[in-house]
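Geometric and topological summary
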Amino acid sequence: MNLSGIIPALVTPFKEDGSVNYDSLKELIKTLIAKGVGGFYACGSTAECFLLTDDERKKVLETVVNTVDGKVPVIAHLGNIGTDKTCELAHHAKSIGACAVSSVPPFYYKFSFEEIAQYYADIAKSAPDLPLIIYSIPAFSGVSINADNIGKIIDASGAQGLKYTDYNLFELEKISRKYPNLSLFNGHDELYVNALPVGIDAAIGSTFNVMPQKYIKLKEYFDAGNLSAAADKQKEINEIIEAMIKVGVNQSIKYWLGKSGISCGDCRKPFAPLTAEQRKLLDGIYDKVLN
């Protein structure tokens, strides 16, 4: 897989009536490409994928692929509880020219790990020749993917990558040692500088929608051996993320994009709109996001 750099996990902009704002999505994509991102992760957690209809997910992905027009790779997230729906989205992603597919493990029903491995095998069959990226996010999925069990998924599906959204970097390092040919993608933006020494290939993150320049600069410092500057840049980023977590990460991103001129609306219910107090907090650090 030729995936590197900073890969935003795109938000889904909405209009006031709650419908998808495809024009704003196109504008966001063009803006981020101009800022130097390395690709896009479409229809993931940040996109509120589980609050979109299947048709909306397909149209969002089509909009991303068509707007990108081959300039950078597009990874299609397909995650669903049911295999049939996931495979339908996988087939669609391949048919419209996505560069890779990805999925969280099936959740809620506490499937056995054998059932989870089969889920990924079925995805691979539905999108042959497309790289498959496992998406590990145990805090949300309830499924722990680690060095001891990931081999079952790889053997069953031929998965070539892992999006690792977990704070246990020791486990990530163990996976890296045990599966040196597996492409690794950092998923916690606040740990980017800590994950780089493990040997990650790229980072996929939500806050890249609003401040990709900070992560690109951090990577430049790291590559130049200026580890102190890289660490300082991460601290600067994390101060912003800490405030975002108080308000809601997706809500913060959409609000700041709106302030920058890209209308994104509110997150879908049951997410609540931002309060005046929350907007005031975000207004107070907006300049830090831009600089």
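Described in the following lines is the structure provided in the data block. (Residues numbered from 1 in each chain as written. Predicted model: local features only at pLDDT ≥ 70, side-chain atom pairs only at ≥ 80, totals over all residues. Heavy atoms only, no water.)

Topic: the overall build of the chain
The line we're drawing: Secondary structure elements are defined from DSSP: runs of H or I of at least 4 residues count as helices, runs of E of at least 2 residues count as strands, and each element is numbered from the N terminus. In this description the radius of gyration comes from C-alpha coordinates, and the expected globular size is given by 2.2 Å times residues to the power 0.38. Accessibility here uses a 1.4 Å probe with only protein chains present; expressed as a share of the type maximum, an area under 20% marks a residue as buried, one over 50% as exposed, and anything in between as partly exposed. Any two residues whose heavy atoms approach within 4.5 Å are treated as being in contact. Each accessible area value is a Shrake-Rupley result obtained with a 1.4 Å probe; residue values ignore everything except the protein chains displayed when judging cover. Note that His is not counted, nor are the chain ends; the positive residues are Lys and Arg, and the negative ones are Asp and Glu. For this purpose, a charge sits on NZ of Lys, CZ of Arg, CG of Asp or CD of Glu.
Assigned secondary structure in the chain consists of 12 helices and 8 strands. Relative to a compact globule of 291 residues, whose C-alpha radius of gyration would be 19 Å, the chain shows 18 Å and is just as compact. Expressed as lengths along the three principal axes of its C-alpha atoms, the size of the chain is roughly 50 × 45 × 35 Å. Across the 291 residues that make up the chain, the buried fraction comes to 56%. Intrachain contacts of the chain at a sequence separation of at least 6 include 70% that bridge at least 24 residues. Only carbon and sulfur atoms are counted for the fraction: they give 50% of the accessible area of the chain, which is about 12,900 Å². The average position of the 30 basic charges and that of the 34 acidic charges among the side chains of the chain differ by 2 Å.

So, a positive patch on the surface
Put simply, the rule is: What goes into a patch is any residue over 30% in relative accessible area without a salt bridge, connected to like charges within 9 Å or, for nonpolar side chains (Val, Leu, Ile, Met, Phe, Trp, Tyr), within 5 Å. By convention in these notes, a salt bridge is any Lys or Arg side-chain nitrogen within 4 Å of a carboxyl oxygen on Asp or Glu.
A cluster of basic residues, Lys15, Lys26, Lys30, Lys59 and Lys71, forms a positive patch at the surface. Judged by relative accessible area, which is 43%, Lys15 ranks as partly exposed.

Remarks on the pattern of salt bridges
In a structure, side chains of opposite charge can pair up when their charged atoms sit close to one another. Summed over all chains, the structure comprises 13 salt bridges. When the shortest N-O distance is used, the salt bridge between Glu173 and Arg177 registers 2.6 Å. Residue Glu173 and its partner Arg177 are located together in helix H7 (residues 169-178), separated by 4 residues, close to a single helical turn. Residue class for Glu173 comes out partly exposed when judged on its relative accessible area of 27%.

Section: the packing of helix H10 (residues 227-247) against helix H11 (residues 249-259)
Rules: Lines fitted to C-alpha atoms define the axes here, with helix axes fitted over just the stretch in contact, and angles between the N-to-C directions of these axes take values from 0 to 180 degrees. Our angle categories are set so that under 35 degrees counts as roughly parallel, over 145 as roughly antiparallel, 65 to 115 as roughly perpendicular, and the remainder as oblique. In this classification, Asp, Glu, Lys and Arg are treated as charged, Ala, Val, Leu, Ile, Met, Phe, Trp, Tyr, Cys and Pro as nonpolar, and every other residue, Gly included, as polar.
Contact pair H10 / H11: the axes reach a minimum separation of 6 Å and the direction vectors enclose 110°. The orientation of H10 with respect to H11, classified from their angle, is roughly perpendicular. Residues Ile240, Met244, Ile245 and Val247 of H10 form the contact with H11, whose participating residues are Val249, Gln251, Ser252, Ile253 and Trp256. Here the residues of the contact of H10 with H11 are counted per class, giving 7 nonpolar, 2 polar and no charged.

Quick look at the pairing of strand S4 (residues 100-103)
Keep this limit in mind: Strand pairing requires that DSSP identify at least two bridges connecting the strands. Here a crossover is taken to be right-handed if, once the strands point away from the viewer, the path from the first strand over the helix to the second is traced clockwise.
Neither face of S4 is open: one carries Ala100 and Ser102, the other Val101 and Ser103, and all of them are buried. Of the strand pairs in this sheet, strand S3 (residues 74-77) and S4 are connected by 3 bridges, and their pairing is parallel. Across the sheet, Ala76 pairs through a bridge with Val101, a residue of S4. With respect to chirality, the unit in which S3 leads through helix H3 (residues 83-96) into the neighbouring parallel S4 is right-handed. Where S4 lies against strand S5 (residues 132-136), 3 bridges are found, and the strand directions are parallel. What sits directly across from Ser103, in S5, is Ile134. For the crossover that starts at S4, traverses helix H4 (residues 113-126) and ends in the parallel S5, the hand is right-handed.

As for the sheet that holds strand S6 (residues 161-164)
The strand order S1-S8-S7-S6-S5-S4-S3-S2 describes an open sheet built from 8 strands, whose pairing is parallel. In this open sheet, the two strands that pair with only one neighbour each are strand S1 (5-8) and strand S2 (40-42). Pairwise comparison of adjacent strand axes, ignoring direction, gives a mean angle of 25° for this sheet. Pairing geometry for S5 and S6, over 4 bridges, is parallel. Note on S6: the bridge partner recorded for Ile134 is Leu162. Sitting on the sheet, helix H2 (residues 54-68) touches S2 and S3, and the angle it makes with S3 is about 175°.

A look at the nonpolar core
A general feature of soluble globular proteins is that nonpolar side chains tend to end up buried together. Using the following cut-off: What is meant by a nonpolar core is a set of buried Ala, Val, Leu, Ile, Met, Phe, Trp, Tyr and Cys residues, joined one to another through side-chain atoms within 4.5 Å.
Of all hydrophobic cores here, the largest spans 84 residues; its most connected members are Phe40, Val64 and Trp256. Among the elements that line this core, the one with the most residues is H10, at 7 residues. Among residues more than four places away in sequence, those in contact with Val64 are Leu10, Leu25, Ile29, Phe40, Ala42 and Val74. Membership of the second largest hydrophobic core comes to 14 residues, among which are Leu3, Tyr41, Phe107 and Phe185.

Regarding the side chain of Thr67
What counts is decided by this rule: Any pair of N or O atoms that falls within 3.5 Å is considered a polar contact. Within protein, one atom must be able to donate a hydrogen and the other to accept it, and sequence-neighbouring residues count only if both atoms are side-chain atoms.
Mapped onto the fold, Thr67 is located in helix H2. A polar contact of 2.6 Å, which involves the side chain of Thr67, links it to the backbone oxygen of Thr63. In contact with Thr67, other than residues within four places in its own chain, are Lys26, Ile29 and Lys30.

What to know about the packing of H2 against H3
Inclusion rule: Each crossing gets its handedness from the near helix: less than a right angle anticlockwise from the far helix is left-handed, clockwise is right-handed.
Across the interface, H2 lies against H3 with an axial gap of 10 Å and an inter-helix angle of 25°. Here H3 runs roughly parallel to H2, going by the angle between their axes. You can see that H2 and H3 cross each other, and the crossing is right-handed. Of the residues in H3, those touching H2 at Asp54, Arg57, Lys58, Leu61, Glu62 and Val65 are Lys85, Glu88, Leu89, His92, Ala93 and Ile96. A class-by-class count of the residues in the contact of H2 with H3 yields 5 nonpolar, 1 polar and 6 charged.

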